[in-house]
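Residues per chain, in single letters:
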Amino acid sequence: MKRLRLSFLLALVAATLAGCGGGGGGVPGDAIAVVGSQEIAKADFDAMLAQARASYKAQERDLPKVGTPEYNTLKSQIVQYLVQRAQFEEKAEELDIEITDEEVDERLDEIKKQYFDGSEEKFTDQLESQKITLDQVKRDIRAQMIQERLFAKVTEGVKATDKEVRDYYEENKEQYGTPESRDVRHILVGTKVKADDVFAQLQDGGNFAQLAKDLSKDPGSAAQGGKLTVARGQTVPEFDKLAFELDLNEISEPVKTQYGWHVIQAVSAVKPAKVTPFAEVKEQIEQQLLQTKKSEATTKWVEDVRKELEDETAYQVGFAPPETTPQTANQ
């Protein structure tokens, strides 16, 4: 059954920030952190922790005990999500990005249709089982939409040039072609003695297709009289080498692979390798490069925001993320 994890899902997929912070200075007692003029309420943290507990329970697992490495990791994920959400809201205000209540309600309706077949009852039951309030859902929807608008603004000028697309194609042509191929048929048996017997029967005029149907242990080809199409380099080495060395219609002596003993016959000429023309894959490559460049631009922007707002971000004692060393950051 599809499950929408709503607020907690967004927390786990949010980009992890590597920030370090102080402890408690200027942070009210009922808050876990302050970002600029925004206070992150302890109640928000508690609500997300309750959602995590419900999620663990649904998986028949216990929430990690306080003080364990697993709990500390979970706690850090929640705090970092809430801090990043507040930082994004600060930047959204600066960039005149506003999400209206109507837009949030429209997105919520889409979620209900996609995950709950439009059923208000199913949606409400899900909220209750995961300890989520409607206000929390709307807050996270708004945060997600803010993030989408921010990232769209950050990447609106990102492009993949024709030269970049062409260069990528030239450097990765092997990805856009098909190797040599050939139609063969084979009979797979378990022992050398049996393979020698099969080979002898074929030399005496035995019917290859019938022997394959009767004796071959390869279920994928036996029903087709042993026939299959192989591409260079895509079968086990011993089979691959022999399949492409045989003359047309030549039958090989038995060859051993990890699967057993094969008798192989080439039934077509070797079909040459082909490369897909640039024009046919240009759009595909362009979209691939564009997505990569947008992802890189977004990652850099998130890190720049973290650094920019670092001095304006303060943590309550016990909630500051662990400091990262260069060694840890590279792992």
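Residues numbered from 1 in each chain as written. Predicted model: local features only at pLDDT ≥ 70, side-chain atom pairs only at ≥ 80, totals over all residues. Heavy atoms only, no water.

**Observations regarding the overall build of the chain**
Thought 1: Assigned secondary structure in the chain consists of 13 helices and nine strands.
Thought 2: Computed over C-alpha atoms, the radius of gyration of the chain comes to 31 Å, more than 25% over the 20 Å expected from 2.2 N^0.38 for 331 residues, which places it beyond the range of a compact globule.
Thought 3: Expressed along its principal axes, the backbone C-alpha trace of the chain runs to roughly 95 × 50 × 45 Å.
Thought 4: Within the chain, the fraction of its 331 residues that count as buried is 41%.
Thought 5: Considering only residue pairs separated by 6 or more positions, the chain has 74% of its internal contacts joining residues 24 or more positions apart.
Thought 6: When the accessible area of the chain is evaluated, it comes to approximately 19300 Å², of which 48% is carbon and sulfur surface.
Thought 7: With 43 positive and 59 negative side-chain charges, the chain shows a spacing of 5 Å between the two charge centroids. (Helix = DSSP H or I, 4+ residues; strand = E, 2+ residues; numbered from the N terminus. Rg over C-alpha atoms; globule rule 2.2 N^0.38 Å. Buried < 20%, exposed > 50% of the residue type's maximum accessible area, 1.4 Å probe, protein only. Contact = heavy atoms within 4.5 Å. Areas by Shrake-Rupley, 256 points an atom, 1.4 Å probe, with all protein chains shown as cover. Lys, Arg positive; Asp, Glu negative; His and termini not counted. Charge placed at Lys NZ, Arg CZ, Asp CG, Glu CD.)

**Some words on the packing of aromatic side chains**
Think of a pair of aromatic rings as described by two things: how far the centres are apart, and how the planes are tilted against each other in angle.
Thought 1: With the rule as written, the count across this model stands at seven aromatic pairs.
Thought 2: Between the aromatic rings of F151 and W301, the centroid separation amounts to 6.1 Å while the plane-to-plane angle is 85°, which identifies the pairing as edge-to-face. Of this pair, F151 sits in helix α6 (residues 134-154) while W301 sits in helix α12 (residues 278-309), and the two are 150 residues apart along the sequence.
Thought 3: An aromatic cluster of at least three residues, connected via ring pairs, comprises F88, F151 and W301.
Thought 4: Lying over the aromatic face of F319, K75 brings its terminal NZ or CZ to 4.5 Å of the ring centre.
Thought 5: Just above the ring of F278 sits the side chain of R166; from NZ or CZ to the centre is 3.9 Å. (Phe/Tyr/Trp six-rings, centres within 6.5 Å; stacked < 30°, edge-to-face > 60°. Lys NZ or Arg CZ within 6 Å of the ring centre and 35° of its normal.)

**Digging into α12**
Thought 1: Here α12 contains 32 residues, and its C-alpha end-to-end distance of 45 Å stays within 8% of the 46 Å for a straight helix at 1.5 Å per residue.
Thought 2: At Q284, α12 is deflected by roughly 25°, the largest bend along its length.
Thought 3: Residues of α12 that are buried include every one of F278, V281, I285, L289, L290, T298, W301, V302, V305, R306 and L309, and no others.
Thought 4: On its buried side, α12 packs onto α3 (69-94), α6, α7 (162-171) and β9 (313-315). (Expected span 1.5 Å × (residues − 1). Bend = angle between axes of the 7 residues up to and from the residue.)

**Remarks on the sheet that holds strand β5 (residues 227-231)**
Thought 1: The four strands are arranged β5-β4-β7-β6 in an open sheet whose pairing can be described as antiparallel. What marks the edges here is a single partner per strand, and that holds for β5 and β6 (255-257). The average angle at which neighbouring strand axes cross in this sheet is 50°, direction not considered.
Thought 2: As paired elements, strand β4 (residues 181-189) and strand β7 (residues 260-266) share six bridges and run antiparallel to each other. The residue bridging V189 from the neighbouring strand is W261, located in β7.
Thought 3: In the packing of helix α8 (residues 192-203) onto the sheet, contacts are made with β4 and β7, and the angle to β7 comes to roughly 20°.
Thought 4: In the packing of helix α9 (residues 208-215) onto the sheet, contacts are made with β4 and β7, and the angle to β4 comes to roughly 50°. (Pairing = 2+ DSSP bridges. Axes fitted to C-alpha atoms, helices over the stretch in contact; angles between N-to-C directions.)

**Structural notes on the sheet that holds β9**
Thought 1: Pairing within the open sheet is antiparallel, and its three strands lie in the order β2-β1-β9. Because the sheet does not close on itself, it has two edges, and the strands there are β2 (38-41) and β9. The sheet shows a mean angle of 20° between the axes of neighbouring strands, taken without regard to direction.
Thought 2: Pairing of strand β1 (residues 31-35) with β9 involves three bridges; the strand directions are antiparallel. Bridging from a neighbouring strand, V35 pairs with T313 of β9.
Thought 3: In the packing of helix α2 (residues 42-58) onto the sheet, contacts are made with β1 and β2, and the angle to β2 comes to roughly 40°.
Thought 4: The sheet strands contacting α3 are β1, β2 and β9, and the helix crosses β1 at an angle near 30°.

**Comments concerning the packing of α6 against α12**
Thought 1: Across the interface, α6 lies against α12 with an axial gap of 9 Å and an inter-helix angle of 110°. When the axis of α6 is compared with that of α12, the two are roughly perpendicular. Judged by the twist between their axes, the crossing of α6 over α12 is right-handed. In this structure, α6 uses L150, F151 and V154 to contact α12, whose residues at the interface are A297, T298, W301 and V302. (Parallel < 35°, antiparallel > 145°, perpendicular 65-115°, else oblique. Left-handed = near helix turned anticlockwise from the far one by under 90°.)

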